[in-house]
Amino acid sequence: MSSSVNGRRRTGSIAILVVSILLIIGLIAWIAIMRLSDQSGDYEGAGNGEEVVIEVPEGSSVSELGPELEERGVVRSNAAFQSAALSDARTDSIQPGFYRLQEEMSAAAAVEALLNPDNKITPLQVAGGATLMDIAVLGGQTRLGIYSMIQQVTCGDQPTDGCVQVQDLTEVAANADPAQLGVPEWALETVTSRAGDPKRLEGLIAPGEYIVDPGADAETILTDLITRSAQQYEDTDIVGRSQAVGLSPYELLTAASLVEREAPAGEYDKVARVILNRLDAPMRLEFDSTVNYGLPSVEVATTDEDRERETPWNTYAMDGLPETPIASPSIEAIGAMENPAEGDWLFFVTVDTDGTTVFNNTFEEHLQDVQRAQESGILDSQR
């Protein structure tokens, strides 16, 4: 056989091989295009009404949410969400936190929902002086306690099955292992001894702003809040500073809660000194705030009958500090107890509606200022 025939055969074989390769490449390209087309599919509209809570973590970019949004059925594909997020320059302004979205949203609608502040779950705001339980103010509105505020974060305005409600929180607070909840070692003995009381965690959630996962259970939420708060208190050197003023760390926390409830702004360190001076005397603290803590409704003034009630907190009817804190003390109040002002004061009273507070060394001087307070209406009881 001539060499030309062999050449034609080799050429034909090569042509067949090239065609086969091209067909394979075309098939692969077609499959890739089909897959990309499927991945870039999108839902239409603003969702199907089924709520989904999504977290934008601290330090993350919105585009990183794509895989989770696809997995949880919020958007049809990560690719569609990436395209919508990249095409909207406003996505850089989306803040960390939890957002309420819906299933089956178009990618553009999901981005728009993340930009709408109405969809962001409001962080838990704990103010100095907040209490765990609601407080009914005589002649005024009820002040929501921390448990109720947590319910608002997890449930919104209309509690539904599955969200964490007040009864879930009080059950955990009363009966869970305090150590598992993150209660610091220096508070464990007292908290453990008050098993069954949902108020036994009073003072252990520090004032501040907390991002709470509304999908977490009651124990997880309380553990997170107490653990973070314990670290705040440790950062003030509460153990070392309590020894310097002659108190245990838990006693200092309790005393700081009195400062928070009794002292006007700018006078925290003076009220702290009055507390220490009275404990050293010794003489009863006789703070109206400790009377009110055990009452179903409260006001600035208290009655003789109220002050005679024996409760674990009423410092008119007991020596020393209350058995537990009566509120959440701020870091400022903690600092005041750790570094009290210098002075011999044993008495103080707010004498007018402007908050003017007078400190005295003698009971005679104090009585004169109490008279001023009564004349201004500060100490008039509505009961």
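About the thresholds
Throughout this description, residue numbers start from 1 for each chain and increase along the sequence as written. Given that the model is predicted, a residue must reach a pLDDT of at least 70 before its local features are reported, and side-chain atom pairs must reach 80 or more before they are shown or counted; all residues, however, enter totals for whole chains, interfaces and linings. Hydrogen atoms and water are omitted, and side-chain values are computed over all heavy atoms in the structure. To define axes, lines are fitted to C-alpha atoms, for helices over the stretch in contact only, and angles between the resulting N-to-C directions are given on a 0 to 180 degree scale. In DSSP terms, a helix is any run of H or I states spanning at least four residues, a strand is any run of E spanning at least two, and both are numbered starting from the N terminus. Each angle gets one of four labels, with under 35 degrees taken as roughly parallel, over 145 as roughly antiparallel, 65 to 115 as roughly perpendicular, and the rest as oblique. Definitions for this section: a left-handed crossing has its near helix turned counterclockwise from the far helix by less than a right angle. A right-handed crossing has that turn clockwise. Note on definitions: a residue-residue contact is assigned when non-hydrogen atoms from the two residues lie within 4.5 Å. Here the term charged refers only to Asp, Glu, Lys and Arg, the term nonpolar to Ala, Val, Leu, Ile, Met, Phe, Trp, Tyr, Cys and Pro, and the term polar to all other amino acids, Gly among them. UniProt positions are given in the numbering used here, feature names are shortened, and annotations may be inferred rather than shown by experiment. Only protein atoms enter the 1 Å grid used here. Points where a 1.4 Å probe fits but cannot escape make up a cavity, open sets with protein on both sides within 12 Å along at least five of seven lines make up a pocket, and a residue lines them when an atom lies within 4 Å of a point. Grid points are joined across faces, edges and corners, and a volume is the space filled by probe spheres set on the points. What pLDDT expresses is the predictor's confidence in each residue, scored from 0 to 100. We call two N or O atoms a polar contact when they sit within 3.5 Å, provided that within protein one can donate a hydrogen and the other can accept it, with sequence-adjacent residues counted only if both atoms are side-chain atoms. Only protein chains enter the accessibility calculation, which uses a 1.4 Å probe. A residue is then buried if its area is under 20% of the maximum for its type, exposed if over 50%, and partly exposed in between. To define a nonpolar core, start from buried Ala, Val, Leu, Ile, Met, Phe, Trp, Tyr and Cys residues and group those joined through side-chain atoms within 4.5 Å.

(A) Molecular detail of the packing of helix 5 (residues 146-155) against helix 6 (residues 166-175). Two numbers describe how helix 5 lies on helix 6: the axes approach to 8 Å, and their chain directions differ by 130 degrees. Taken together, the axes of helix 5 and helix 6 lie oblique to each other. Every pair of crossing elements has a handedness; the one defined by helix 5 and helix 6 is right-handed. Packed against helix 5, whose contacting residues are Y147, S148, I150 and Q151, the element helix 6 presents V166, L169, T170 and A173 at the interface. A breakdown of the residues in the contact of helix 5 with helix 6 according to their chemical character gives five nonpolar, three polar and no charged.

(B) Structural context of the UniProt feature "site: Important for catalytic activity" (unreviewed entry) in the protein chain. As recorded in UniProt, the sites labelled "site: Important for catalytic activity" (unreviewed entry) are E262. As for its placement among the helices and strands, E262 is situated in helix 10 (residues 249-262). Ignoring any residue separated from it by four or fewer positions in sequence, one finds E262 in contact with V271, F287, D288, S289 and F348.

(C) Summary view of the layout of surface pockets. Of the voids in this model, the largest pocket is the one considered here, and its volume is about 1,300 Å³. If you trace the largest pocket, you find 46 residues lining it, with E262, F287, D288, S289 and V300 closest to the centre. What the second largest pocket holds in volume is close to 280 Å³. Looking at the second largest pocket, it is lined by 15 residues, and the ones nearest its centre are I121, T122, Q152, V153 and G156. When residues of the lining of the second largest pocket are traced back to their parent elements, those giving at least two are strand 3 (124-126) and helix 5.

(D) Expanded view of empty space enclosed by the protein. Going through the model one piece at a time under the given rule, you end up with one cavity of 30 Å³ or more. Around the largest cavity, the lining residues are G97, F98, K120, I121, T122, P123, L124, V153, Y210, I211 and V212.

(E) Representation of the confidence of the model for the protein chain within the structure. Residues with a pLDDT of 70 or more make up 88% of the protein chain, whose mean pLDDT is 87. Low pLDDT (under 50) marks residues 1-5, which in the prediction has two contacts with non-local residues, meaning those over four places away or in another chain.

(F) Structural context of the side chain of T131. You can see T131 is positioned in the loop between strand 3 and strand 4 (135-137). Engagement of the side chain of T131 in a polar contact is seen with the backbone oxygen of M133, the distance being 2.8 Å. Here T131 is in contact with G145, I146, E202, Y293, I326 and A327, once residues within four sequence places are set aside.

(G) Region of the structure containing helix 14 (residues 331-338). Among all positions in helix 14, only A333, I334, A336, M337 and E338 are buried. At its buried positions, helix 14 is contacted by helix 8 (218-235), helix 9 (238-244), helix 10 and helix 11 (268-280).

(H) Up close: the environment of I205. Looking at the secondary structure, you find I205 in the loop between helix 7 (185-193) and strand 6 (208-210). Under the relative-accessibility criterion, I205 is labelled buried at 1%. Sequence-wise, I205 and D224 are 19 residues apart; in three dimensions their C-alpha atoms are separated by 9.7 Å. Once residues within four sequence positions are removed from consideration, I205 is found in contact with V126, L132, I146, L222, L225, I226, S229, Y233 and S328.

(I) The nonpolar core, seen in detail. Formed by 65 residues in total, the largest nonpolar core has its most connected members in L124, L201, L222, V259, I275 and M337. At the level of secondary structure, the elements contributing two or more residues to this core comprise strand 3, helix 5, helix 6, helix 7, helix 8, helix 10, helix 11 and helix 14. Considering every element that reaches this core, the biggest residue donor is helix 10, with seven residues. Contact partners of V259, with chain neighbours within four places excluded, come to Y268, V271, A272, I275, A333 and M337.

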